[in-house]
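A closer look at the structure
Take a look at the letters that make up each chain.
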Amino acid sequence: GESVGLHLPTLSVQEGDNSIINCAYSNSASDYFIWYKQESGKGPQFIIDIRSNMDKRQGQRVTVLLNKTVKHLSLQIAATQPGDSAVYFCAEDWGGSQGNLIFGKGTKLSVKP
Amino acid sequence: DSGVTQTPKHLITATGQRVTLRCSPRSGDLSVYWYQQSLDQGLQFLIQYYNGEERAKGNILERFSAQQFPDLHSELNLSSLELGDSALYFCASSVIGGDSPLHFGNGTRLTVT
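The rules we used
- Residues numbered from 1 in each chain as written.
- Chains lettered and ligands numbered in written order.
- Predicted model: local features only at pLDDT ≥ 70, side-chain atom pairs only at ≥ 80, totals over all residues.
- Heavy atoms only, no water.
- Helix = DSSP H or I, 4+ residues; strand = E, 2+ residues; numbered from the N terminus.
- Buried < 20%, exposed > 50% of the residue type's maximum accessible area, 1.4 Å probe, protein only.
- Contact = heavy atoms within 4.5 Å.
- Pairing = 2+ DSSP bridges.
- Axes fitted to C-alpha atoms, helices over the stretch in contact; angles between N-to-C directions.
- Polar contact = N/O pair within 3.5 Å; in protein donor to acceptor, adjacent residues only side chain to side chain.
- Core = buried A, V, L, I, M, F, W, Y, C linked by side-chain atoms within 4.5 Å.
- Disulfide = S-S within 2.5 Å.

Some remarks on the overall build of chain A
If you tally the helices and strands in chain A, you get zero helices and 10 strands. Beginning at the N terminus, the succession of helices and strands in chain A can be written as β-β-β-β-β-β-β-β-β-β. Buried positions account for 43% of the 113 residues belonging to chain A. Within chain A, contacts between residues at least 6 apart in sequence are counted, and of these 54% link residues at least 24 apart.

What to know about the sheet that holds strand 8 (residues 74-78) of chain B
The strands making up a sheet associate through backbone hydrogen bonding, with each pair oriented either parallel or antiparallel. Residues and elements named next belong to chain B. Overall, antiparallel pairing links the four strands, which are arranged 1-3-8-7 in an open sheet. In this open sheet, the two strands that pair with only one neighbour each are strand 1 (5-7) and strand 7 (64-68). Ignoring strand direction, the axes of neighbouring strands in this sheet form an average angle of 15°. Pairing of strand 1 with strand 3 (residues 19-24), which is carried by three bridges, proceeds in the antiparallel orientation.

Brief notes about the side chain of Asp49(A)
As for its position among the elements, Asp49(A) is in strand 4 (residues 45-51). Residue Asp49(A) is classed as buried on the basis of its relative accessible area of 7%. A polar side-chain atom of Asp49(A) sits 2.6 Å from a polar atom in the side chain of Tyr32(A). Engagement of the side chain of Asp49(A) in a polar contact is seen with the side chain of Arg57(A), the distance being 2.2 Å. Asp49(A) has contacts with Tyr32(A), Phe33(A), Ile34(A), Arg57(A), Val64(A) and Pro101(B), leaving out every residue within four places of it along the chain.

As for the sheet that holds strand 5 (residues 56-58) of chain A
All names here are of chain A. One open sheet holds the four strands; their spatial order is 2-7-6-5, and the pairing between them is antiparallel. Because the sheet does not close on itself, it has two edges, and the strands there are strand 2 (19-24) and strand 5. Across the sheet, the mean angle from the axis of one strand to that of its neighbour is 15°, orientation sign disregarded. As paired strands, strand 2 and strand 7 (residues 72-77) are joined by six bridges and run antiparallel to one another. Note on strand 7: the bridge partner recorded for Asn22 is Ser74.

So, the nonpolar core
Among the nonpolar cores identified, the biggest contains 20 residues, and Leu21(B), Trp34(B), Leu76(B), Leu78(B), Tyr89(B) and Leu110(B) are the most heavily contacted of them. Apart from residues lying up to four places away in sequence, Leu21(B) is in contact with Thr7(B), Leu11(B), Trp34(B), Ser74(B), Glu75(B), Leu76(B), Leu78(B), Tyr89(B) and Thr108(B).

Things to note about the state of the cysteines
All names here are of chain B. A complete count under the given rule lists two disulfides over all chains for this structure. A disulfide bridge connects Cys23 with Cys91, and the sulfur atoms are separated by 1.8 Å. Disulfide Cys23-Cys91: torsion about the S-S bond near -55°, hence left-handed. Here Cys23, found in strand 3, pairs with Cys91, found in strand 9 (residues 87-94); they are 68 residues apart in sequence, far enough to count as distant. Judged on exposure class, the residue Cys23 and its partner Cys91 are both buried.

Thoughts on the environment of Asn67(A)
Residues and elements named next belong to chain A. Tracing the backbone through its elements, the reader meets Asn67 in strand 6 (residues 62-67). Residue classification places Asn67 among the partly exposed positions, given a relative accessible area of 34%. Remark: the alpha-carbon pair of Asn67 and Gly106, spanning 39 residues in sequence, is separated by 19 Å. Within the structure, the side chain of Asn67 is placed 3.0 Å from the backbone nitrogen of Thr69, a separation counted as a polar contact.

Some words on unusual backbone geometry
Residue and element names in this part refer to chain B. Cis geometry marks the peptide bond from Thr7 to Pro8, where omega comes out at -10°. Of note in the backbone geometry, Asn51 takes a positive phi value of approximately 50° without being a glycine. Mapped onto the fold, Asn51 is located in the loop between strand 5 (42-50) and strand 6 (53-57). Under the relative-accessibility criterion, Asn51 is labelled partly exposed at 47%.

Structure representation (structure tokens):
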């Protein structure tokens with residue numbers, strides 16, 4: 001399967017275009033989902049979250065869509081900018097009171113000026 | 001800036017040695033998490049503490065241990081280090097133990113030679 005680093009899935013888009021990053025999550029019992037952005041040399045940065053009782057949530061230039069039927073999550077970035085270039089991770093909370101997140105493998109977004 | 005502070009930023013040590021990584025959570029956050037990020041495994045959950053008590057354990061080796069102190073800072077101890085332990089180690093914090101985003105520090109890069 002894919003993994004961070006050499007085998008990381010890459011999405012290349014033109015500046016100003018919209019980006020869609022997809023994620024398949026693993027646990028049908030997961031009730032909370034988060035998208036993170038990780039820039040080189042930094043820790044994952046919170047972008048947007050969504051709970052399982054919602055299908056869609058919008059933030060500033062970002063939208064998260066949740067399809068529980070097929071266990072699919074997507075992140076849409078409007079008017080993508082060079083500063084959006086990073087690795088994007090989806091994460092799921094398997095529920096319970098722990099709160100530890102299970103991360104997907106990540107997608108590298110490259111924005112061409 | 002996430003408000004989570006990790007020290008040191010870089011650590012180079014030899015096989016068989018022991019190191020301690022330190023984390024100060026965001027002000028007001030009671031829960032601390034440790035994650036390991038390597039090229040071939042992505043972000044792996046290690047362990048979580050909540051208000052001084054261990055709350056959840058992930059794929060943490062027996063050679064690794066952690067604790068959370070009364071002032072809520074946390075330390076991750078790695079002993080009998082092996083080459084394969086070379087990775088980025090991230091600390092994250094959250095207000096509660098579930099259904100809230102984790103806020104990550106910028107990590108400690110450990111290199112074992």
